[in-house]
Protein chains: 2
Amino acid sequence: MRDVCIVGVGMSKWGEVWRKSMRELHTDAALAAIKNAGVDHLDGLYVGCMSGGLFVGQEHLGAILSDYMGMRGLPAMRVESACASGGMAVRAAYIDVASGMSDIVMASGVEKMTDVSGDDATYALATAADQEYEVFHGATFPGLYAMMAHAHMAKYGTTREMLSMVAVKNHRNGARNPSAQYPFEITAEGVAKSVLIADPLHILDCSPITDGAAAVIVTTVDVAKKLGKPYIKITGSAVGTDTIALAQREDMTTIKAATIATQKALKAADKKIDDVNFAEVHDCFTIAEIVVAESIGKYEPGKAGQAILACDTSLEGRFPMNPSGGLKSKGHPVGATGVAQVVEVYKQLTGQAENGRQIPNNPKVGMTQNMGGSGASSVVHIMEVA
Amino acid sequence: MRDVCIVGVGMSKWGEVWRKSMRELHTDAALAAIKNAGVDHLDGLYVGCMSGGLFVGQEHLGAILSDYMGMRGLPAMRVESACASGGMAVRAAYIDVASGMSDIVMASGVEKMTDVSGDDATYALATAADQEYEVFHGATFPGLYAMMAHAHMAKYGTTREMLSMVAVKNHRNGARNPSAQYPFEITAEGVAKSVLIADPLHILDCSPITDGAAAVIVTTVDVAKKLGKPYIKITGSAVGTDTIALAQREDMTTIKAATIATQKALKAADKKIDDVNFAEVHDCFTIAEIVVAESIGKYEPGKAGQAILACDTSLEGRFPMNPSGGLKSKGHPVGATGVAQVVEVYKQLTGQAENGRQIPNNPKVGMTQNMGGSGASSVVHIMEVA
């Protein structure tokens, strides 16, 4: 396998972007990444999208998005793994370049979620759960993560304050991210007093509904060197899966798919979790960040909440998590999220994070952890300074 | 890149399979392929599906289908390119094995299309066209292919009889295929007198709505040899794209995406089109097979219809097309079709085609051409006797 790197990144506007269609959002991110990398062509496109069909009545995204960005003819396909679709697009592009099939490939992600009603968006998102064994019986994602939160609280004594501090930390980081949908700080008291969605989760425990796209250029080290732009290496890429239905898991206080993916990716990169300086993780709900911090092996089961209270995962802490603001503050256009995580790792490892969001002391190794649904699929990438 | 081969195949029942869910159909095909290949594990799964969201309210297929077939934890993702999703799954698996990332990978496809009404199925299928510039204005797929047929007739004098003979030939082959949804012969008069759908296309010019799944095991030559089962090599794999909207094409009497993909795949295999002994092509409508036969370079523009009348593409002809019965007779569960094409090529090249459907004189080289929508994406594979 060839060494693979990332040499340029791009983001569209994120938020309730009513004046742009899905194809326009994607094109904004794609052309920004192409410009950032300085590439004059692409050999392929992998686009992550969870449900073009349910959100905007458009499948067949590889062809339509290639054409709209001016690259008619380009080999292109969409990949999907619910909210992990973006990370899967990065992985597919990584394998394509590593194989020698293609030299310069775009991995992108897009979701246009606000063209439908809230009820329809809830239905579309619920297709990431088990339709027959969860959704038919009334489960929605806030409900599923609320069950995980209650189980974690019961088993480990995780507190309301720990959940709140995830949101507070991520909004503090997101307030410094020009791409964030909600770039403002919030307080722990504000989280606890916000509208209750599914006990114990309040609305400020939840990531938002977002329109947005992100793109990265994946290529070989040789190409990256010739371009003369900053680049980082992808040294590990792995996927894990588990039962899609939460009730069928061995243990609902951990995300086994994330554990599998992290262990495989670290092994590929010849690293241990403590060699990783920071992580972008899938905080679709505050409890998710706590559970993931433990599932990836950074903290013992039941210990992540205390670490968050102790500011261990803050920007200036020992293991910054979600310096971008995470899904919570930056937004969560489900198909784009996994790609945007890689965008942030690229910026942090090349010293380009904006507005005082840069992690101190020149981090050398970063990771992304992206997951689908209540954690039935997870994709992890380890990236390093070249 | 490593040499890649196919060592086992499986199909579910195809048709209006009301007693099986999508996950059950997929599991039937997947376990059949695993048994056929004799593998004791998989390293990955790529599943092609056009719209789990619109047809059955279920996305996140990699995780749910891995779990349901008893392989919780398996690295898995769905790939999508409308009706070319199955061929894209084969390509993704091919690249994964060629790269050295994985040794034994399943490429599968599934679609469960009859759980929704005909109107809802038509809407779901129309998401393969340009929602904003075609579907909003009333276009459906029979209408789009009818326009291609009229254009082809006007430019080349293509006749009603030529269209009909595509359907007659494919049903003759499909009558010998135990997996076919409509395994019976039809007559040219029967096609011409069947219900008119979109002039000049009658219902017997159209492929049906189908529930079904197909799976193949993709691996290295070393693994295939150790298994001691018949295997074939994949020697070329390529994708082409074009505008998704038919009206924006340079020429609507040809499928440029298929031309691009075929030329690239043949080049990779170091073959010319006349080195290929037979092909499974995407006959979603009778006119599609005529246009594709020309687009892949086998016949000059405007000459495929005459070749079909002259039985050149029949099972005993010089270039058999759709020995399986094609989409027309075998059925068209959109995400599974591209994988089922590879199943047929495997059977033909290993001498295992059932019921007198075997192409005479031991064919050595076969190809598949799978496409999305009205041809905005196309994926081609060249396969050879090992």
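Everything that follows concerns the structure shown earlier in this document.
The text that follows walks through the structure, step by step, so that each part is easy to find. Predicted, not measured: the structure shown is a model, and the values here were computed from it.

Rules and cut-offs
- Residues numbered from 1 in each chain as written.
- Chains lettered and ligands numbered in written order.
- Predicted model: local features only at pLDDT ≥ 70, side-chain atom pairs only at ≥ 80, totals over all residues.
- Helix = DSSP H or I, 4+ residues; strand = E, 2+ residues; numbered from the N terminus.
- Buried ≥ 20, exposed ≤ 12 C-beta atoms within 10 Å, placed from the backbone.
- Contact = placed C-beta atoms within 7 Å.
- Least-squares fit on C-alpha atoms with pLDDT ≥ 70 in both.
- Expected span 1.5 Å × (residues − 1).
- Nonpolar A, V, L, I, M, F, W, Y, C, P; charged D, E, K, R; others polar.
- Pairing = 2+ DSSP bridges.

Let us look at the environment of Leu 349 of chain B. Residues and elements named next belong to chain B. Mapped onto the fold, Leu 349 is located in helix 14 (residues 337-349). We classify Leu 349 as buried; it has 26 C-beta atoms within 10 Å. When residues no more than four places from it in sequence are discounted, the contact partners of Leu 349 are Ile 232, Pro 363, Gly 366, Met 383 and Val 385.

With that settled, consider the relation of the copies chain B and chain A. Of the transformation placing chain B onto chain A, the axial shift is 0.0 Å and the rotation is 180 degrees, giving an RMSD of 0.0 Å. When the rotation and shift are considered jointly, the pair of chain copies conforms to a two-fold rotation axis. Considering only C-alpha atoms, the part of chain B nearest the rotation axis is Ser 99 of chain B, at 1.9 Å. Residue by residue, 100% of the interface of chain B is reproduced at the interface of chain A, so both copies engage with the same surface.

All names here are of chain B. Secondary-structure assignment places Ser 85 in helix 4 (residues 85-99). C-beta crowding within 10 Å serves as the criterion here: with 36 such atoms nearby, Ser 85 is assigned to the buried category. For the pair Ser 85 and Val 334, spaced 249 residues apart in the sequence, the C-alpha separation amounts to 7.5 Å.

This part is about helix 14 of chain B. Helix length check: helix 14 of chain B (13 residues) gives 19 Å between terminal C-alpha atoms against 18 Å at 1.5 Å per residue, within 8%. Within helix 14 of chain B, 13 of the 13 residues are buried, which leaves the element mostly enclosed by the surrounding structure.

So, about the interface of chain B and chain A. Taken together, the contact pairs 52 residues of chain B with 52 residues of chain A. Those elements that place two or more of their residues in the side of chain B that touches chain A are helix 2 (52-56), helix 3 (61-68), strand 3 (76-80), helix 4 and strand 8 (232-241) of chain B. In terms of residue count, helix 4 of chain B provides more of the side of chain B that touches chain A than any other element does, six residues in total. Among the residues forming the side of chain B that touches chain A, the class breakdown is 23 nonpolar, 20 polar and nine charged. When strand 3 (residues 76-80) of chain A meets strand 3 of chain B, the two strands line up antiparallel, connected through three bridges. Bridge pairing in strand 3 of chain B links Val 79 of chain A to Val 79 of chain B.

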